[in-house]
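This is what each chain is made of:
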Amino acid sequence: MLIKKIVISLLALCLISCEDGGSSSTGTNTVTMIGYSIGGRIAVSSNNAVDGDVNDPNALYTNNDDASHAQAIPNPVIVGGYVNLPGKGHSGRSATRGDQNDFYQVDLDADQTITLYTAQPDFNTRGIVQNDLDLRLLNSSGRIVGDSVNDIYDTEVLIVPSDGRYFVQVYATAGASNYILSIGQSLGTSSMVNAMTATTEFVPGEVLVRVENNNEFSAQSQMSTLSSFGLETQGQDPNLRMKITLPKPQMSAFATSESLQCETTELCEKIETLHQIKELRQQGVAAELNYLYKAFRIPNDSHYRFQWNYNLMSLPGAWDITRGSSNVVVAVVDTGVLLDHPDLKGKLANGYDFISDSNTALDGNGLDSNPADPGDQIGGKNSSSFHGTHVTGTISAITDNNQGIASVGWLTKVMPLRVLGRGGDGSDYDIEQAILYAAGLPNRSGTVPAKIADVINMSLGGPSISSGLQSALTKAYDKGIIIVSAAGNSNSGIPMYPASLPGVVSVSAVDINKNRASYSNYGSKISLAAPGGDKLTADVNGDGQPDEILSTQGSDKTGTIEHIYAYAMGTSMATPHVSGVMALMKAVNPNLTPQNVDQLIKNGTITEDIGDRGRDDNFGYGLLNAQKAVTAASNLSNNPIVAVDTPAELVTSVASINFGVSETSRSVTLSNGGGNSGLQIRNISEDSGGFLSISSTTAVDSNGLGPYIITVHRNNLSVGTYSATITVTSSANTVKIPVILQVTSSKLTGDAGYHYVLAIDPTTEDTVEDSSVGVNNGYYNYNVYGLAKGNYIVVAGSDFNNDGYVCDAGESCGAYLTLSRPDTISITNSASNVNFNTGFNVNFAAFMLTDEAKPTVTQRGYARSVTTRNLSH
């Protein structure tokens, strides 16, 4: 939702005296402040934790350099941290002596996934990581049970072999970098090309090499390297890939520098092989593991397991009926799209750039036929949202291609129409012209698309609208186009437009628990709800990731645009779920009209009633159910697809449950994801031994379908991590839901590290004033003083690497109202209650499974102080 400017109410937000240059007082002590202030509270989710010895000297210090000083962390968790070799990285606490190792102690369950993301990998020209962080897992006796040492990716992954207490070691092999460490439940398989993990199936002691000239090392020098390492080759033709047998015992320089204590001899041999390959690669030799293969089904999109949002709205059941049609087009009226994103190539119809002001456009011209997004600089230079790319990925990212994400419409096409430019702003007139173009009506471009849009997605809005834009939307509606728009992110009942217009499907957002998201607007104009995510929920499903929406994204923090996958939240993210489902409905019924859709929504035919019975102001007519929607659209057609009886199938609203350290109950909804209405629940059981109980609600029907409450009883549990499985048996199939929780000796609250809070000039992008604050029971209570009247963006974050900038990759970050769309605050008096959220977001690089060039420049965030900003200039 793009509502860029908020004038803060004096009555609601006045912090100190409302006279110019006001003062504040506490008891008998009065402190006079020059200028105005912005204050409030920044919340952090309880599943966030921070490395105790980051490079920032202002942060609290706790030694975690070895197993004897291992830092206890909860499970599941997202940890932000920093490691470096001596003399590497920025000046700070560990610059000289180094901080090579971070150890964490945690109770883990079998098959959990541990993932390490290196935030500043800095790839060289051969694609080798220069800031190389690796991941190791040790059992309670300190013996190695897993090692992941990738040097051509920024990601390390380990799978927990069995239940128990473990040490997780993050260690720097080269350079220095921030990192994100994630521990979560296993929610399915994932894959990585050329994985360098000791638990991967490969032949220990064997290396495959190809000798060929590159920019840094000649073929002759590479052969000399092999010879100097005393390696024996099998197959001497240098034009072919050769198999090398490592002499036994052959220890790499890294491995011999420490006494490896492994659980098995084979594991040690595999670890030695991994490090030998890394050394060869550093010397320019193209070395790889000799993988072992077995017959199995290759999993689909690698990040689909993190897309909880699709199960929440019964999308898998809809996909059993249709995966969409390439003849169905959704117009995305937004910031444009990264046309070359590897998960969007081939999914885009011809679009247009309708930004008429060349200063706003940021692409060097005004109106033109290229809808590519050059960035909107919403958070300042090199801090763009690439909002339209995120929206587009949810609707139509390439699906079932073993990389990236899945989309709602596997075959759906998107028509990118660019109307939002600098700062995420767009004019009423430009949006009007884009709507007319999408509908094939006369517009300023002088052209029309070869095929008009079937659906228009508008993840944007404002508190007022012109008659001209209203007229354009009415014309599009009359042409048979379904129009979907975001309700807004201000947590208010103020109507936003175009969402509040008649004939527009107005979308509010729900979190992973099917509650109205903390930011989502509400009111009488809401049509229905869809998943929008929320940073405030603490990893409910325990996958070690934020409970937000993962999609295609871009980043320009390096100065060039990189293609990534990233999390975001908002009604902007909820809206493309609805547009995508509308496209599926059009695929099974090309004659479906906006009037049909209006009636289906009002009848409750395509939604799940999750609020007050019937329509309510939080969710409208309920949460969109994709399977119901596609079935209903098909039944309205002359040739309904679902006339061919699809079997009943039990589906659950969540794939797993995480109670964390404090939650006592969660809701799980059982529903029929198939077409046959004969599904019955026969048994629901759990194997916790008594710490879980399951109860039905009054909404459960005679077949046993509906919402159930899962309750955890912690009173008789000792400190530790507990897991169980809920088994639901139906007349069609059986579904198992893994459950995890943790009992601690004291209440745990979230910690995203020492924070710097910045008031930023949105025009100059300079930090105007700043303050710093530590966490207190899960909150950062802040005030930024000395502000003149004017407009500001408020951003807060950590500076783990101590480079003078917050919100670098791998650091915590938040902004008012949301990080993906920071809003401008107009200050005419001091303001309080400027509250927002912070935390660690995990972005996935799109190059991981593609041939794209890897970034070589370190991402940089916001100057953490006025001093830093002046030095940078």
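What counts, and where the lines are drawn
- What you see as residue numbers is a count from 1 along each chain, following the sequence as written.
- Reporting of local features is limited, given that this is a predicted model, to residues whose pLDDT is at least 70; pairs of side-chain atoms are given and counted only at 80 or more, and all residues count toward the totals for whole chains, interfaces and linings.
- The basis for every side-chain value is the complete set of non-hydrogen atoms in the structure, without hydrogens or water.
- Labels follow the DSSP assignment, with helices taken as runs of H or I lasting at least four residues and strands as runs of E lasting at least two, numbered in each case from the N terminus.
- When a residue's accessible area, from a 1.4 Å probe over protein chains only, is under 20% of the maximum for its type it is buried; when over 50% it is exposed; and in between it is partly exposed.
- The method behind every accessible area is Shrake-Rupley, applied with a 1.4 Å probe, and residues are considered shielded solely by the protein chains displayed.
- The term disulfide is used for any two cysteine sulfur atoms that are within 2.5 Å.
- DSSP calls a pair of strands paired once it identifies at least 2 bridges connecting them.
- The axes used here are C-alpha line fits, helices contributing only the stretch in contact, and every angle between their N-to-C directions lies in the interval 0 to 180 degrees.
- For classification purposes, an angle smaller than 35 degrees is called roughly parallel, one larger than 145 roughly antiparallel, one from 65 to 115 roughly perpendicular, and anything else oblique.
- Crossing handedness follows the turn of the near helix against the far one: under a right angle anticlockwise gives a left-handed crossing, and clockwise gives a right-handed one.
- The criterion used for residue contact is that any of the two residues' heavy atoms lie within 4.5 Å.
- Three classes are used: nonpolar for Ala, Val, Leu, Ile, Met, Phe, Trp, Tyr, Cys and Pro, charged for Asp, Glu, Lys and Arg, and polar for all others, with Gly counted as polar.
- The score called pLDDT rates the predictor's confidence residue by residue, from a low of 0 to a high of 100.
- This arc is taken over the directions from the axis of the helix to the C-beta atoms.
- Every case where a carboxyl oxygen of Asp or Glu lies within 4 Å of a side-chain nitrogen of Lys or Arg is listed as a salt bridge.
- Side-chain atoms alone can form a polar contact between residues adjacent in sequence; in general such a contact is a pair of N or O atoms within 3.5 Å, and within protein one must be able to donate a hydrogen while the other accepts it.

## Notes on the overall build of the chain
- A tally of regular secondary structure across the chain gives 14 helices and 47 strands.
- Evaluated residue by residue, the chain yields a buried proportion of 59% over its 873 residues.
- Per element, the accessible surface of the chain, about 32,300 Å² overall, is 47% carbon and sulfur.

## Observations regarding the state of the cysteines
- Overall, the coordinates contain two disulfides when judged by the stated rule.
- Paired by a disulfide, Cys262 and Cys268 hold their sulfur atoms 2.2 Å apart. Residues Cys262 and Cys268 share a disulfide whose torsion about the S-S bond is about 90 degrees; that sign makes it right-handed.

## Digging into the sheet that holds strand E45 (residues 836-838)
- Pairing is mixed across the open sheet formed by three strands, whose spatial order is E40-E4-E45. The open sheet has two free edges, formed respectively by strand E40 (779-787) and E45, since each of these has just one partner strand. Across this sheet, the average inter-strand angle for adjacent strands is 35 degrees, counted without regard to direction.
- Note that strand E4 (residues 36-44) and E40 share seven bridges and pair antiparallel. By the bridge assignment, Tyr36 is partnered in E40 with Leu787.

## As for the sheet that holds strand E36 (residues 720-730)
- The strand order across the open sheet built from four strands is E31-E37-E36-E33, with neighbouring strands paired in mixed fashion. In this open sheet, the two strands that pair with only one neighbour each are strand E31 (657-660) and strand E33 (681-686). Pairwise comparison of adjacent strand axes, ignoring direction, gives a mean angle of 15 degrees for this sheet.

## A few points about the packing of helix H9 (residues 428-438) against helix H10 (residues 467-478)
- Packing of H9 against H10 brings their axes to within 9 Å, and their N-to-C directions diverge by 15 degrees. The angle between H9 and H10 falls in the class roughly parallel. Note on packing geometry: the crossing formed by H9 with H10 is left-handed. Residues Asp428, Ile431, Glu432, Ile435 and Leu436 of H9 pack against Gly468, Leu469, Ala472, Leu473, Lys475 and Ala476 of H10.
- The class makeup of the residues in the contact of H9 with H10 is seven nonpolar, one polar and three charged.

## Here we look at the confidence of the model for the chain
- Here the chain averages 86 in pLDDT, and 87% of its residues register 70 or above.
- Note that residues 294-299 has pLDDT below 50 and, in this model, four contacts with residues that lie over four places away or in other chains.
- Across residues 847-859, confidence stays below pLDDT 50; counting only partners more than four residues off in sequence or on other chains, it has 39 contacts.

## Remarks on helix H2 (residues 219-228)
- Taken together, the buried positions of H2 are Gln222, Thr225 and Leu226. Axial view of H2: buried residues confined to an arc of 100 degrees, hence all on one face. Turned more than 90 degrees away from the buried face of H2, the exposed residues are Gln220, Ser227 and Ser228.
- Looking at the buried residues of H2, the elements they touch are strand E15 (202-210), strand E17 (242-245), helix H4 (265-282) and strand E18 (286-291).

## Structural notes on the environment of Ile709
- Counting through the fold element by element, Ile709 comes out in strand E35 (residues 706-712).
- Here Ile709 falls in the partly exposed class, since its relative accessible area comes to 28%.
- Separated by 40 residues in the primary sequence, Ile709 and Thr669 have C-alpha atoms spaced 8.7 Å apart.
- Not counting chain neighbours up to four residues away, the residues in contact with Ile709 comprise Ser665, Arg666, Ser667, Ser693, Ile694, Ser695 and Thr697.

## Examining the pattern of salt bridges
- Within the structure shown, the criterion is met by 13 salt bridges.
- Residue Lys278 pairs with Asp134 through a salt bridge whose shortest N-O separation is 2.7 Å. One end of the pair, Lys278, is in helix H4; the other, Asp134, is in strand E10 (residues 132-139), and 144 residues separate them in sequence.
- Judged by its relative accessible area of 6%, Lys278 is buried.
- Asp134 sits in the buried class, given a relative accessible area of 0%.
- Asp799 is the partner of Arg864 in a salt bridge, and the nearest nitrogen-oxygen pair spans 2.6 Å. Note that Arg864 is positioned in the loop between strand E47 (862-863) and helix H14 (866-872) and Asp799 in the loop between strand E41 (790-797) and strand E42 (805-806), a separation of 65 residues in sequence.
- On the basis of relative accessibility, which here comes to 0%, the residue Asp799 falls in the buried class.
- Here the salt bridges share partners, and the residues they tie into one network are Asp56, Asp799 and Arg864.

## Notes on the environment of Thr264
- Counting through the fold element by element, Thr264 comes out in the loop between helix H3 (253-256) and H4.
- Accessibility expressed as a relative area gives 41% for Thr264, which makes it partly exposed.
- Separated by 120 residues in sequence, Thr264 and Ile144 have C-alpha atoms that sit 8.6 Å apart.
- At 3.1 Å, the side chain of Thr264 and the backbone nitrogen of Leu267 are in polar contact.

## Some details on the pairing of strand E14 (residues 176-184)
- Most of E14 is tucked away, with nine of its nine residues classed as buried.
- The side-chain alternation of E14 yields two buried faces, one formed by Ala176, Asn178, Ile180, Ser182 and Gly184 and the other by Ser177, Tyr179, Leu181 and Ile183.
- The sheet contact formed by strand E7 (residues 77-84) and E14 spans eight bridges and is antiparallel. Looking at E14, one finds that Asn84 is bridged to Ala176.

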